[in-house]
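Chain residues, written in single-letter form:
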Amino acid sequence: MPRLFTALEIPRDASLSLSLLRGGLPGARWIDVENYHITLRFIGDVPGRVADDIVNGLDRVRRPGFQINLSGVGTFGSKKPHALWAGVAPSPELFALQSEIDRICLRHGAAPDPRKFTPHVTLARLRNAAPHELAAYLSGRGNFATAPFRVARFVLMSSRDSVGGGPYLVEEAWSLSGSSQGAASFSARASDAARIMR
């Protein structure tokens, strides 16, 4: 059973900007550029029926697209940093979308996510990074920012157990056009996604 999560994809120009942050930090295991994403809601390993119900619930999301940009770099794990990330500039539309997805997941049987939603793109996993080297890396890249880009859809992704995460597969996608089409314009329907997940 794959692990499931909803996410926003990162467009090519922004991925290129992120890729320029790679290197210069001993102890960092860098995430492959093609695996960059912004997690909206971690769902985890769930039975096929729960996955089916969540997908059907997400089919009813009706929101317009919006713009975001990536801004700043930081780490998770204050005493022992374990992940390096690029942040997302504040966006009410992003938080509203995430809140709706979270409610749908809870309503259809997913476990609550104990972590506060902190939108970010994971750049690297850290292992025994020296504090002074990490501080130098962060201070040298504190003004990182991408040009704004449009979020036109969100996706359901899956991952298998692996070191460092990935590869990630898009199982289903939903447009953010605000139209009544929802996910109908995509070839992978809910039943197809559920079959993949079983």
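Higher on the page you've got the structure.
Source: prediction; values computed, not measured. (Residues numbered from 1 in each chain as written. Predicted model: local features only at pLDDT ≥ 70, side-chain atom pairs only at ≥ 80, totals over all residues. Heavy atoms only, no water.)

> Explain the overall build of the chain to me, please; I cannot follow it from the model alone.
Helix and strand counts for the chain stand at five helices and 10 strands. Counting across all 198 residues of the chain, residues that qualify as buried make up 47%. For the chain, the share of sequence-separated contacts (at least 6 apart) that also reach a separation of at least 24 residues comes to 76%. (Helix = DSSP H or I, 4+ residues; strand = E, 2+ residues; numbered from the N terminus. Buried < 20%, exposed > 50% of the residue type's maximum accessible area, 1.4 Å probe, protein only. Contact = heavy atoms within 4.5 Å.)

> Would you mind showing me how to read the pattern of salt bridges here?
This structure, assessed with the given rule, holds five salt bridges. For Arg153, the salt bridge goes to Glu9, with nearest N and O atoms at 2.7 Å. Taken as a pair, Arg153 in strand E9 (residues 153–159) and Glu9 in strand E1 (residues 3–9) lie far apart in primary sequence, 144 residues in all. Given a relative accessible area of 30%, Glu9 falls into the partly exposed group. We note a salt bridge from Glu100 to Arg63, for which the minimum N-O separation is 2.6 Å. (Salt bridge = Lys/Arg side-chain N within 4 Å of Asp/Glu carboxyl O.)

> Explain a positive patch on the surface to me, please; I cannot follow it from the model alone.
Together, Arg60, Arg62, Arg103 and Arg107 make up a region of like positive charge exposed at the surface. Here Arg60 is to be found in the loop between helix H2 (48–58) and strand E4 (66–68). Residue Arg60 is classed as exposed on the basis of its relative accessible area of 57%. (Patch = residues over 30% accessible without salt bridge, like charges linked within 9 Å, V, L, I, M, F, W, Y side chains within 5 Å. Areas by Shrake-Rupley, 256 points an atom, 1.4 Å probe, with all protein chains shown as cover. Lys, Arg positive; Asp, Glu negative; His and termini not counted. Charge placed at Lys NZ, Arg CZ, Asp CG, Glu CD.)

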